Amino acid sequence: MAGSGCPAIRWKAVAAVAALLLASLPTLAWYGRRLDDGSDEPLGLIALLAGLGTLGAAVRFGGRDRDQVRIAAGRMLAGAAGLAVVQAAGWPRYPLLTGLLTVAVIGFSLRMPRGKAGVMALLVLSLPLVASLDFYAGYPLRLAAAEITRWLLKLGGLPVERAGVVILEGERMVGIDPPCAGIRMLWTACFVAAVLAARLRLSAVRTLALLTMAVGCVIIGNGLRAAIVFFPESGRVAWPHWLHPGTGLLVHGGVLLAVFHLSGRLARLRRPRGSLLRRGMVVGFGLLAVVAGRTAERPGPIETQGIDEKWPAVWEGVPLVRLPLSKVEERFAAAFPGSIARFRCGDAELILRRTDRATRRMHPAADCLRAEGFTTHSEPAHRDADGRLWGTTRAGRDGRSWTVRERYVSAGGKACTDASAWFWNATLHPEAGPWTAVTMIRPAETP
């Protein structure tokens, strides 16, 4: 209405947003399932609310205020059409990629004076990434923490060595388990960096620099935490149990404070190519390169165990009884690049999965259990009577609890104790396949 002071709504922009939502329906359905199936943590909702809140405070479907966000309707309509073609071509099999494409379309379609990179980073973090980060980045982060721990302990005069993610001091052996990878610290640091980038309206280059510095802070902080925890874990000192998580919280807080400080320094730079920016990016990427080079030397501790090409009839002297797959396992097996078998082994349940390639579908046992309604809690690695290491998880449901042990064994008998370590070993050494994932589920009350 003329003279009302309210800008006229640009219905083309509204239609473009509606078209993008329609083209993204399969991805939105997947997003909802992932938040509810227990296989991932709904941390992304926090990032989604932060990103949408930032956009909602600035987007205008009408008006001519150049300081506000505007929607390029033509671009968004073209992006929605392209996304619909991708969905029709069968890409729903890769929902995380279609989710990233949706975020890319949003970024391509928004005209935002400053701070758009931070908002886009929040939208990327809003996707269900925690399980994927744990799978792909968990082992490299643990390797980085182990290498930094070795450096710090050597500086302190301790004669330690590193074997994969295990720190050795004579007969003492302290492993950096999957929960110590720092995945949640990484997500939180990147989230805080993205919020600050959006709030401070940082450019794309400065936002990338801040995110890079945040990752570097997490790597250094996680290594420092592992070095501190080495002393009680190795038996050198005794401290209350609550100090272990307390140390993690203290380091986590220090990392976030460092991210706050760095964001302020970046925001005060007058030129995007200032010396601090260059040094930060060089140091961040250099740290990642050095850690990757150092940790690639030795992929980790390995043990041996022979696995026949066919499913065994006996396991460690106990006859196996073949069991049918559950409905969840049947759906999983339909897309798994290999074979799956389930057995009764005395009072335990044995699940064997075999594949000849590195694949994301080799989910950790904890992910599969959470998808079936179990609560899970990671425990330290277990060494059995034959000296073999097993990754260990405590699972619970309906008032009962189970001990879940797993290991991933190559054709030559070399083994890893977690899915992330197996994936990187299988990727770097594809000739070592096929591999068999061995999962043993036993009632917790059984010794």
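Predicted model, so just to flag it, every value in this text is computed and none were measured.

Examining a nonpolar patch on the surface
No. 1: A surface patch of nonpolar side chains, about 390 Å² in accessible area, is lined by Leu21, Leu22, Leu25 and Leu28.
No. 2: Contributing elements (two or more residues each) for the nonpolar patch: helix H1 (11–23) and helix H2 (25–36).
No. 3: For Leu22, the position within the fold is in helix H1.
No. 4: Overall, Leu22 belongs to the exposed group, its relative accessible area being 59%.

Observations regarding the environment of Thr439
No. 1: Note on placement: Thr439 falls in strand S14 (residues 435–443).
No. 2: As for Thr439 and Tyr408, which are separated by 31 residues in sequence, their C-alpha atoms are 8.8 Å apart.
No. 3: Look past the residues within four positions of Thr439 in its chain and what remains in contact with it is Glu349, Leu350, Ile351, Arg353, Ala365, Val404, Arg405 and Glu406.

Focus: the packing of helix H7 (residues 130–155) against helix H14 (residues 419–428)
The packing of two helices is summarised by the inter-axis angle and the distance between the axes.
No. 1: Their axes nearest at 7 Å, the elements H7 and H14 cross at an angle of 80°. Here H14 runs roughly perpendicular to H7, going by the angle between their axes. For the pair H7 and H14, the contacting residues are Asp134, Phe135, Tyr136, Gly138, Tyr139 and Pro140 in the first and Ala419, Ser420, Ala421, Trp422, Phe423, Trp424 and Asn425 in the second.
No. 2: For the contact of H7 with H14, the class distribution of residues is 9 nonpolar, 3 polar and 1 charged.

Quick word on unusual backbone geometry
No. 1: Even without being glycine, Arg201 reaches a positive phi, approximately 55°.
No. 2: Of note, Arg201 is situated in the loop between helix H8 (183–199) and helix H9 (204–233).
No. 3: Despite not being glycine, Asp398 shows a phi value in the positive range, around 55°.
No. 4: Judged by relative accessible area, which is 73%, Asp398 ranks as exposed.

Considerations on H1
No. 1: Its 13 residues give H1 an end-to-end C-alpha distance of 18 Å, which sits within 8% of 18 Å, the value for a rise of 1.5 Å per residue.
No. 2: Buried within H1 we find Ala13, Ala16, Leu20 and Ala23. Around the axis of H1, the buried residues are gathered within 85° of arc, so they sit on the same side. Exposed residues pointing more than 90 degrees away from the buried face of H1 are listed as Trp11 and Leu22.

Considerations on the nonpolar core
No. 1: In terms of nonpolar packing, the biggest core is built from 39 residues, with Leu125, Leu141, Ala189, Phe191, Leu210, Val255 and Val259 touching the most fellow members.
No. 2: Elements with a contribution of two residues or more to this core: helix H6 (116–125), H7, H8, H9 and helix H10 (243–268).
No. 3: When residues of this core are assigned to their parent elements, the largest contribution, 12 residues, is made by H8.
No. 4: Listed in part, the 25 residues of the second largest apolar core include Ile351, Phe374, Cys416 and Ala426.

Regarding the confidence of the model for the protein chain
No. 1: Per-residue pLDDT for the protein chain averages 79, and the proportion of residues at 70 or more is 83%.
No. 2: Here residues 61–66 scores under 50 on pLDDT; set against residues more than four positions off or in separate chains, the count is 15 contacts.
No. 3: Note on residues 284–309: pLDDT under 50 across the span, and 57 contacts to partners over four residues away in sequence or across chains.

Let's talk about helix H4 (residues 73–88)
Count 3.6 residues to each turn of an α-helix, and residues three or four apart come out pointing the same way.
No. 1: Taking 1.5 Å per residue as the helical rise, H4 with its 16 residues ought to reach 22 Å, and the 22 Å between its terminal C-alpha atoms agrees with that figure.
No. 2: Inspection of H4 places Ala73, Met76, Gly79, Ala80, Leu83 and Gln87 among the buried residues, and these make up the whole buried set. Buried residues along H4 cover an arc of 125° about the axis, so they all sit on one side. Turned more than 90 degrees from where H4 packs its buried face, Ala78, Val85 and Ala88 sit exposed.

Some details on the side chain of Ser132
No. 1: Structurally, Ser132 is set in helix H7.
No. 2: Once you skip the residues sitting within four places of it in the chain, Ser132 turns out to touch Leu96, Ala137 and Arg360.

Structural notes on the packing of helix H5 (residues 95–109) against H6
No. 1: Orientation of H5 relative to H6, taken along the N-to-C sense of each, is 160°, at an axis distance of 10 Å. Accordingly, the angle class assigned to the pair H5 and H6 is roughly antiparallel. As for how H5 packs across H6, the hand of that crossing is right-handed. Residues Leu100, Val103, Ile106 and Gly107 of H5 pack against Lys116, Met120, Leu123 and Val124 of H6.
No. 2: Broken down by class, the residue content of the contact of H5 with H6 amounts to 6 nonpolar, 1 polar and 1 charged.

Cut-offs applied
- Residues numbered from 1 in each chain as written.
- Predicted model: local features only at pLDDT ≥ 70, side-chain atom pairs only at ≥ 80, totals over all residues.
- Heavy atoms only, no water.
- Patch = residues over 30% accessible without salt bridge, like charges linked within 9 Å, V, L, I, M, F, W, Y side chains within 5 Å.
- Areas by Shrake-Rupley, 256 points an atom, 1.4 Å probe, with all protein chains shown as cover.
- Salt bridge = Lys/Arg side-chain N within 4 Å of Asp/Glu carboxyl O.
- Helix = DSSP H or I, 4+ residues; strand = E, 2+ residues; numbered from the N terminus.
- Buried < 20%, exposed > 50% of the residue type's maximum accessible area, 1.4 Å probe, protein only.
- Contact = heavy atoms within 4.5 Å.
- Axes fitted to C-alpha atoms, helices over the stretch in contact; angles between N-to-C directions.
- Parallel < 35°, antiparallel > 145°, perpendicular 65-115°, else oblique.
- Nonpolar A, V, L, I, M, F, W, Y, C, P; charged D, E, K, R; others polar.
- Expected span 1.5 Å × (residues − 1).
- Arc of directions from axis to C-beta.
- Core = buried A, V, L, I, M, F, W, Y, C linked by side-chain atoms within 4.5 Å.
- pLDDT = per-residue confidence, 0-100.
- Left-handed = near helix turned anticlockwise from the far one by under 90°.

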